[in-house]
Amino acid sequence: MARVTVFTLGGTISARGGDAARMTGAEVLAGLGVVPDAEVELRDFRRLPSSSLSFEDLAALAHEVRETVAAGSGVVVVQGTDTIEETAFLLDLLCVTTEPIVVTGAMRRPDLPGADGPANLAAALAVAAGPGCRDLGVLVVLADEIHAARLVRKTHTTSVTTFASPGAGPLGTVVEGEPRILLRPTTTSAIHPLRFDPAVRVALITLTVGDRGELLEAVDSRFDGLVVAAFGAGHVPTRLVEPLADLAARIPVVLASRTGAGATLTRTYRGPGSEYDLLHRGLVPAGPLDPAKARLLLHALLSSGAKGPAGYDRPGIAAAFAHLDGTGLA
Ligand code: ASP
């Protein structure tokens, strides 16, 4: 029988009554209501709303998950849905393994009609125990859909089908309690496991119309890297070009899109503030990675030595982003 270790972190699935207290991991597992087809070990890891998970929590989680998969167990992480797309992608960068690592949660509290926690947990356990779900990287399983961590996003505040992978779709589904994989990613998210130093500081700035650059000025020397969630396919107001170029001379600056789907362009628009202009002034294209995931990749790269006394390793950082852009070039 497959072994699966369940890490409970809190979140809606454990938020009976909706107040600050969260149920124990054992109480969450007891709510499953069916006997799992796996040998399950529980780690009651944290009891928090997922918005309060810290970098230290996530670094400690990645460490324990890495040790668990190295010992031959699949993993299910149960947490709040608000930050699942970030936690799952970070684990994907830090835990390169053949064992399934699955992140799940719930949209409805366990005491509300139609609570989805038990069904999501049952599906996640089936995926984590499923031999056909190995070598897929970290997965997010909710509403019987199996998503790749690098693609998945929370797209709705309350819907139980909130998770989607824009531009790609889910890798598979869970049918009659069994995982069915229809698509496989062409590569792992990281070529080798990256490190994560909670002390690294990467800012994320989302541009809005009329932006005068005050937030960019505030980046100054406070941060080791910056992600700009720019307009459209990677465009910024002309007045921000010089400040961004100045920053990119000192720290890595990644150009992402605030649109929610699709890749940043590289050479379609060429005027000041266009993607071509910005990339030629030293910014790194995020490709299809959304801004929050781009921030975590940059954070992990900077934690793994992409920064040195002589500056930062722009080619190395650009290659790590290109590795995930689907061109097959990196
Ligand atoms: N959806 C929230 C979360 O992500 C709910 C909570 O505060 O528990 O954790």
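Residues numbered from 1 in each chain as written. Predicted model: local features only at pLDDT ≥ 70, side-chain atom pairs only at ≥ 80, totals over all residues. Heavy atoms only, no water.

Undergrad: Explain the pattern of salt bridges residue by residue, including any values.
TA: Within this structure, the stated rule accounts for 13 salt bridges. Close ionic contact of E41 with R43 constitutes a salt bridge, the shortest N to O distance being 3.3 Å. Exposure remark for E41: the relative accessible area of 42% places this residue in the partly exposed category. Each of E41, R43 and E64 takes part in salt bridges that share partners, so that together they form one network. (Salt bridge = Lys/Arg side-chain N within 4 Å of Asp/Glu carboxyl O. Buried < 20%, exposed > 50% of the residue type's maximum accessible area, 1.4 Å probe, protein only.)

Undergrad: Describe the site of the ligand, and please don't skip the residues or the numbers.
TA: All residues adjacent to the ligand are G11, T12, R22, P49, S50, G80, T81 and D82. Separating an oxygen atom of the ligand from a side-chain N or O atom of R22 is a distance of 2.7 Å. A distance of 3.2 Å separates an oxygen atom of the ligand from a polar atom in the backbone of T81. Here the ligand loses 82% of its free accessible area of 260 Å² to cover by the protein chains. A class-by-class count of the residues in the shell around the ligand yields one nonpolar, five polar and two charged. (Near = heavy atom within 4 Å. Polar contact = N/O pair within 3.5 Å; in protein donor to acceptor, adjacent residues only side chain to side chain. Areas by Shrake-Rupley, 256 points an atom, 1.4 Å probe, with all protein chains shown as cover. Nonpolar A, V, L, I, M, F, W, Y, C, P; charged D, E, K, R; others polar.)

Undergrad: Help me get a handle on the side chain of H299, residues and values and all.
TA: Within the fold, H299 resides in helix 8 (residues 291–303). With relative accessibility at 1%, the residue H299 sits in the buried group. Side-chain polar atoms of H299 contact the backbone oxygen of D197, separated by 2.7 Å. With residues near it in sequence (within four places) discarded, H299 still touches F55, F196, D197, P198, V200 and V202. (Helix = DSSP H or I, 4+ residues; strand = E, 2+ residues; numbered from the N terminus. Contact = heavy atoms within 4.5 Å.)

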